[in-house]
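Structural features, examined
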Number of protein chains: 2
Amino acid sequence: MHKTRTLEQKFQVDFHFNVIFTQAVFDIENPLLYKLLVEKKTVSKSKILIAVDSGVINSHPHLKEKIENYFEQYTNIQLQDDIIQIPGGEASKNNESHVNTILERVNHYGIDRHSYIIAVGGGAVLDTVGFAAAIAHRGVRLIRIPTTVLSQNDSGVGVKNGINSFGKKNFTGCFASPYAVINDASFLVTLDDREWRAGIAEAIKVALIKDATFFAWIEKSANALTNRDLSVMNELIYRCADLHMQHIRNSGDPFEQGSSRPLDFGHWAAHKLEQLSNFDVRHGEAVAIGIALDSTYSFLKGHLKEESLLRILDIMVKLGFKLSHHHLTGKVIQGLEEFREHLGGQLTIMLLEAIGSGFEVHTMDTSVVLEAIGYIKKYNTQKLEA
Amino acid sequence: MHKTRTLEQKFQVDFHFNVIFTQAVFDIENPLLYKLLVEKKTVSKSKILIAVDSGVINSHPHLKEKIENYFEQYTNIQLQDDIIQIPGGEASKNNESHVNTILERVNHYGIDRHSYIIAVGGGAVLDTVGFAAAIAHRGVRLIRIPTTVLSQNDSGVGVKNGINSFGKKNFTGCFASPYAVINDASFLVTLDDREWRAGIAEAIKVALIKDATFFAWIEKSANALTNRDLSVMNELIYRCADLHMQHIRNSGDPFEQGSSRPLDFGHWAAHKLEQLSNFDVRHGEAVAIGIALDSTYSFLKGHLKEESLLRILDIMVKLGFKLSHHHLTGKVIQGLEEFREHLGGQLTIMLLEAIGSGFEVHTMDTSVVLEAIGYIKKYNTQKLEA
């Protein structure tokens, strides 16, 4: 009775971009950005819109002038309008207004799919501007210039963007590949200590689940990192970005259409802690606590040796992370369901069986999560007393 | 001085979906939709949200009840909430409110990436609901059930979605592949004559640039089509959808990141006419006028024989299309720049060198566009007098 005919559609989309490490990208003598902007030129004068994190402008008072001077020397690329300032920090992702600001400028200046939007800033600004670029004309070329450790080694080199809605992190967004990413080490110099440190958490995370040698390197480099050695930090970022990019490339499912999982060890609790603290706890700081929690859980469930757990907790304390927080209570357990819901399908949580080796489970024993919280609080008190 | 290091990222994303032709998809005995919903189940009870075009509900007063009965017979899939009604027609894409309605429901009912959103309706509703599905959690599975000729043979089988912003058609949107498409012929029966006819324009378009045999088949089938022969219309839809899907698959650039062009013969003027008429002219009707304009332009520039042009104009008149409109004046020429801007890069317009064979140009002679408008108006008057 119900006869059917089927047309099958099957195709692949290629994505290709470079993450280029440089210094002083807007230095008048640095040709890198200019070369990127003209390599695939299809019109006589490429239009460029720039959005910069307000926090970056505050730390670099001459940046706007530098950017304007940089573009003035070229006649075949054209900076549109004043530089757009976007307030930095996760809270600025809590409403649509900054996405709308970008869309309005795209409309006003006739920015098209072959024009460029350059986003300069921390992860939140890159997520916001990136989302606007992805949905304007179904995708305007986006060049990310991440300015924090966290965005240079993690979010800025990935394929996600978006904003928070209904109090849920990254509820609204899409997968989209940037046109290019420029990691400029000179932006790291002005980061405050909290920001400098926070980004190291993602490096610890990826080392713990993928690369024991990298973890040992981080242990060895702890003093240099706390002493703000820029070249050591740059090496950490390079290795961490490389591991993240390999994961996206080799997962077989970069846009997570099936059940493949992003590299989100420690993140279910981290997202919830950020939310519970109204984003007072920064993402990297929350990830450090989340790593402590899931590493301790791994130990309590018999998967990880206590000796390995203590190496993990110790390096984080040495780097200055606080492993406890007054919002780290049973309330975070609600984060498990929100995490499942965001990724869809079955709950999947990564645990550790050794440093450098993660594995997945599909249920979490909430009484052991509570026990792990107690373990961390006790460890923390002992450290403070020592 | 400015040393650089580069990490290269390169990957492919696979997209795969079927367009399934059936009748009476919500008939309690038709297992097609149910099978689709359970084939990749990752949770014990899949959640489903359904949004239906108000126009479809008006034409099918028992549809809501039928849908509810359909889902009630299964215990492992769960319809959430009442069926959401979305007003149909292009004008409903002019603000964000319907996208927000869907996002709110996604949040409220805990719809996740492995849940399903089913959109039932014409192209505008599919575009709106599809955009919401694409940006909720970075992509919830979308099943499109197009209910018009136009959406079954063109937009509904493609990879675009979005809404209008700043008075510009599809300004805000993204590329995203549906989970599946179900073309249900029984929805075509209740279309009014305008809607039934409008969708034929996209079939004429694709035949003109790709497939002379299909064009001849449409000429031969004109009487059956105007007499509302459902099986002939279904064949037209099947062949047209197939040609569109082949183009997406074989273009080498389905998400139009480079300079590849969609199948949009006649569309630069069509988009502008829709806008100038405040969407009184429906998309398919505007496309028919756009086809007449660019075919006439092709003839006036010496690319197309007048005999072929007259075949094109004659079949459209025979099918009941109006080839002129009081908004078809020099004002449409502004549509050229808006069309260029939306696609980006160089202006690229498809013209005809013969029936079944399109070619691209990068400039349009505006005086000849005006001449073509005059030619069509004269042709139209002669037809009316005959």
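Please read all numbers here as calculations on a predicted model, not as lab measurements.

We now examine the relation of the copies chain A and chain B. In screw terms, the move from chain A to chain B is a rotation of 180 degrees and a rise of 0.0 Å along the axis, fitting with an RMSD of 0.0 Å. The operation mapping one copy onto its partner corresponds to a two-fold rotation axis. Relative to the rotation axis, the closest C-alpha in chain A is found at Val13(A), a distance of 2.6 Å. A shared binding surface is used by both copies, with 100% of the interface residues of chain A retained as interface residues in chain B.

Our focus in this paragraph is unusual backbone geometry. Note on backbone geometry: most residues besides glycine have negative phi, and most peptide bonds are trans. The backbone of Ala24(A) shows a phi angle near 50 degrees, a positive value even though the residue is not glycine. Following the sequence through the fold, Ala24(A) ends up in the loop between strand S1 (5-22) and helix H1 (32-38). You will see that Arg228(B), though not glycine, has its phi angle at about 60 degrees, which is positive. Take Arg228(B): it is sitting in the loop between helix H10 (222-226) and helix H11 (230-250).

The subject of this paragraph is the domain arrangement of chain A. All names here are of chain A. Domain boundaries assigned for chain A yield domain 1 (19-190) and domain 2 (193-385). For domain 1 and domain 2, the distance between their C-alpha centroids amounts to 28 Å. Contacts between domain 1 and domain 2 engage 25 residues on the former and 31 residues on the latter. Surface buried jointly by domain 1 and domain 2 totals about 2,400 Å² across both partners, of which 69% is contributed by carbon and sulfur atoms. Counting across the interface, domain 1 meets domain 2 through four salt bridges. Lysine 169 serves as the salt-bridge partner of glutamate 274, at 3.1 Å between the closest nitrogen and oxygen. Across the domain 1-domain 2 interface, the total number found is 10 residue pairs in polar contact (both at pLDDT 80 or more). Looking at the side of domain 1 that touches domain 2, the elements with two or more residues in it are S1, helix H6 (149-153), strand S7 (160-165) and strand S8 (168-175).

Another point: helix H5 (residues 123-135) of chain B. All names here are of chain B. Here H5 is 13 residues long and its end C-alpha atoms lie 18 Å apart, about the 18 Å a rise of 1.5 Å per residue gives. Across the 13 residues that make up H5, a large majority, 12, are buried. Along H5, the residues that are buried comprise Ala124, Val125, Leu126, Asp127, Thr128, Val129, Gly130, Phe131, Ala132, Ala133, Ala134 and Ile135.

The subject of this paragraph is the pattern of salt bridges. Pairs can form between side chains of opposite charge whenever their charged atoms are close. All names here are of chain B. The final tally for this structure, using the stated rule, is 40 salt bridges over all chains. Here glutamate 90 makes a salt bridge to lysine 169, at a shortest N to O gap of 3.3 Å. Taken together, the residues glutamate 90 in the loop between strand S4 (84-86) and helix H4 (97-108) and lysine 169 in strand S8 (residues 168-175) connect sequence positions 79 residues apart. In this pair, the class of glutamate 90 matches that of lysine 169, namely buried. Salt-bridge contacts for arginine 282 lead to aspartate 192; the nearest nitrogen and oxygen are separated by 3.7 Å.

Across the contact, 78 residues belong to chain A and 78 residues belong to chain B. Carbon and sulfur atoms supply 51% of the area buried between chain A and chain B, which totals about 7,800 Å² over both sides. On the chain A side of the interface with chain B, the three residues burying the most area are Leu7(A), Gln9(A) and Arg138(A), jointly 12% of the side's total. At the junction of chain A and chain B, the tally comes to six salt bridges. Counting residues per element, the ones that place at least two in the side of chain A that touches chain B are S1, helix H4 (97-108), helix H5 (123-135), S7, S8, helix H11 (230-250) and helix H15 (334-343) of chain A. In terms of residue class, the side of chain A that touches chain B is built from 29 nonpolar, 28 polar and 21 charged. Pairing between S1(A) and strand S1 (residues 5-22) of chain B: 17 bridges, direction antiparallel. Counterpart to Val13(A) in the pairing with S1(B) is Val13(B).

It is worth spelling out the nonpolar core at this point. Ranked by size, the top nonpolar core spans 171 residues in total, and within it Ile218(A) and Ile218(B) carry the most contacts. Those residues in contact with Ile218(A) that lie beyond four places of it in its chain are Ala203(A), Ile204(A), Ala207(A), Leu225(A), Leu236(A), Ile315(A) and Leu319(A). Judged by nonpolar contacts, the second largest core, of 53 residues, contains Val99(A), Ala119(A), Val129(A) and Leu126(B).

Along the chain, the position of Arg113(B) falls in the loop between H4 and strand S5 (116-121). On the basis of relative accessible area, Arg113(B) is assigned to the buried category, the value being 4%. Ignoring sequence-local partners within four residues, the contact set of Arg113(B) consists of Phe175(A), Glu256(A), Glu341(A), His342(A), Leu343(A), Gly344(A), His137(B), Arg138(B), Gly139(B), Val140(B) and Arg141(B). In terms of polar contacts, Arg113(B) uses its side chain to reach the side chain of Glu256(A), at 2.7 Å.

Attention now moves to the packing of helix H12 (residues 267-276) of chain B against helix H13 (residues 283-300) of chain B. Residues and elements named next belong to chain B. Between H12 and H13, the least distance of the axes is 7 Å, while the angle of their chain directions is 135 degrees. Classed by the angle they form, the pair H12 and H13 counts as oblique. Crossing of H12 against H13: the hand is right-handed. Of the residues in H13, those touching H12 at His267, Trp268, Ala269, Ala270, His271, Leu273 and Glu274 are His283, Ala286, Val287, Ile289, Gly290, Leu293 and Asp294. Looking at the contact of H12 with H13, its residues break down into eight nonpolar, four polar and two charged.

For Gln9(B), the position within the fold is in strand S1. Separated by 2.9 Å, the side chain of Gln9(B) and the backbone oxygen of Met245(A) make a polar contact.

To continue, consider a negative patch on the surface. Negative charge collects at one region of the surface, where Glu65(A), Glu68(A), Glu72(A) and Asp82(A) lie side by side. We classify Asp82(A) as exposed; its relative accessible area is 52%.

In this section: the packing of aromatic side chains. Tallying each qualifying case throughout the model produces 26 aromatic pairs over all chains. Arg5(A) extends its terminal NZ or CZ atom over the ring of Tyr238(B), reaching a point 3.7 Å from the ring centre. If you follow Arg138(B) out to its NZ or CZ, it ends over the ring of Phe175(A), 5.5 Å from the centre.

For the rest of this paragraph, the subject is the packing of helix H13 (residues 283-300) of chain A against helix H14 (residues 306-318) of chain A. Residues and elements named next belong to chain A. Two numbers describe how H13 lies on H14: the axes approach to 9 Å, and their chain directions differ by 170 degrees. The angle between the axes of H13 and H14 places the two elements in the roughly antiparallel class. Note on element contacts: H14 touches H13 through Glu306, Leu309, Ile312, Leu313 and Met316, opposite Ala288, Ile291, Ala292, Ser295, Thr296 and Phe299. In terms of residue class, the contact of H13 with H14 is made up of eight nonpolar, two polar and one charged.

Rules used throughout
Residues numbered from 1 in each chain as written. Chains lettered and ligands numbered in written order. Predicted model: local features only at pLDDT ≥ 70, side-chain atom pairs only at ≥ 80, totals over all residues. Heavy atoms only, no water. Least-squares fit on C-alpha atoms with pLDDT ≥ 70 in both. Contact = heavy atoms within 4.5 Å. Helix = DSSP H or I, 4+ residues; strand = E, 2+ residues; numbered from the N terminus. Domains from an automatic or database assignment. Buried area = accessible area lost by both parts, 1.4 Å probe. Salt bridge = Lys/Arg side-chain N within 4 Å of Asp/Glu carboxyl O. Polar contact = N/O pair within 3.5 Å; in protein donor to acceptor, adjacent residues only side chain to side chain. Expected span 1.5 Å × (residues − 1). Buried < 20%, exposed > 50% of the residue type's maximum accessible area, 1.4 Å probe, protein only. Nonpolar A, V, L, I, M, F, W, Y, C, P; charged D, E, K, R; others polar. Pairing = 2+ DSSP bridges. Core = buried A, V, L, I, M, F, W, Y, C linked by side-chain atoms within 4.5 Å. Axes fitted to C-alpha atoms, helices over the stretch in contact; angles between N-to-C directions. Parallel < 35°, antiparallel > 145°, perpendicular 65-115°, else oblique. Left-handed = near helix turned anticlockwise from the far one by under 90°. Patch = residues over 30% accessible without salt bridge, like charges linked within 9 Å, V, L, I, M, F, W, Y side chains within 5 Å. Areas by Shrake-Rupley, 256 points an atom, 1.4 Å probe, with all protein chains shown as cover. Lys, Arg positive; Asp, Glu negative; His and termini not counted. Charge placed at Lys NZ, Arg CZ, Asp CG, Glu CD. Phe/Tyr/Trp six-rings, centres within 6.5 Å; stacked < 30°, edge-to-face > 60°. Lys NZ or Arg CZ within 6 Å of the ring centre and 35° of its normal.

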